[in-house]
Amino acid sequence: MDYGKYRYEQHKREKEQMKKQQTVVIKEVHLSCRIDKHDFDTMANRAIKFLSEGNKVRVTLRFKGREMAHQDLGREVMMKFAETCSEVSTLDKKPALEGRQLMMFLMPLKAGAKKVEKSAKEAPKAEEAEAAE
């Protein structure tokens, strides 16, 4: 067997595998305890955009000064954020305190799960159209 040919084919196989690989990119969204509704919605839309592109999202909430005494408010904001993004994501890591930051990770839903949800939404519409006729 020709060793040069073997190495060439091996290199070719490795190159094909690299094309099929998908790199995981972690995007980050910053929140605060006293975030306003519009800012919250803007950050949620940004996170949904990142998740729909297939990226993981790290959500951080930094406590400033006396806010450390009210960590429960920060946890409520984080859980509300996770609930808002629940259509396109799952909670990968629950909110955990690391120093002065509360962090959690959101993972995008699998592509197959999105298709199932869409077909489930389309089925009732088709039934309504048949009933209207």
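Everything numeric in this text was worked out from a predicted model, so none of it was measured.

A. Representation of the pattern of salt bridges. Tallying each qualifying case throughout the model produces six salt bridges. Across the salt bridge formed by E16 and K19, the nearest N and O atoms sit 3.9 Å from each other. Of the two residues, E16 and K19 are both situated in helix α1 (residues 3–20); the distance of three residues between them amounts to about one turn of the helix.

B. Just the environment of K94, in detail. As for its position among the elements, K94 is in strand β3 (residues 89–98). On the basis of relative accessibility, which here comes to 65%, the residue K94 falls in the exposed class. Counting along the chain gives twelve residues from K94 to L106, while the straight-line C-alpha distance between them is 8.9 Å.

C. Seen up close, helix α3 (residues 71–84). In this model α3 runs 20 Å from its N-terminal to its C-terminal C-alpha over 14 residues, within 8% of the 20 Å that 1.5 Å per residue would give. When α3 is considered as a whole, its buried residues turn out to be G74, V77, M78, F81 and A82. Take α3 and look down its axis: the buried residues cluster within an arc of 135°, on one side only. Relative to its buried face, α3 has exposed residues pointing more than 90 degrees away, namely E76 and E83. Buried residues belonging to α3 abut β1 (26–31), α2 (37–52), β2 (56–62), β3 and β4 (101–108).

D. Representation of the sheet that holds β2. Ordered in space as β1-β2-β4-β3, the four strands form an open sheet in which the pairing is mixed. The open sheet terminates on both sides in strands that have one partner only, identified here as β1 and β3. Neighbour-to-neighbour, the strand axes of this sheet turn through a mean angle of 20°, independent of strand direction. In the packing of α2 onto the sheet, contacts are made with β1, β2, β3 and β4, and the angle to β1 comes to roughly 170°. Relative to the sheet, α3 contacts β1, β2, β3 and β4, its axis offset from that of β4 by approximately 10°.

Here is what the cut-offs are and how they apply
Residues numbered from 1 in each chain as written. Predicted model: local features only at pLDDT ≥ 70, side-chain atom pairs only at ≥ 80, totals over all residues. Heavy atoms only, no water. Salt bridge = Lys/Arg side-chain N within 4 Å of Asp/Glu carboxyl O. Helix = DSSP H or I, 4+ residues; strand = E, 2+ residues; numbered from the N terminus. Buried < 20%, exposed > 50% of the residue type's maximum accessible area, 1.4 Å probe, protein only. Expected span 1.5 Å × (residues − 1). Arc of directions from axis to C-beta. Contact = heavy atoms within 4.5 Å. Pairing = 2+ DSSP bridges. Axes fitted to C-alpha atoms, helices over the stretch in contact; angles between N-to-C directions.

In short, shape yes, function no, at least from these values alone.
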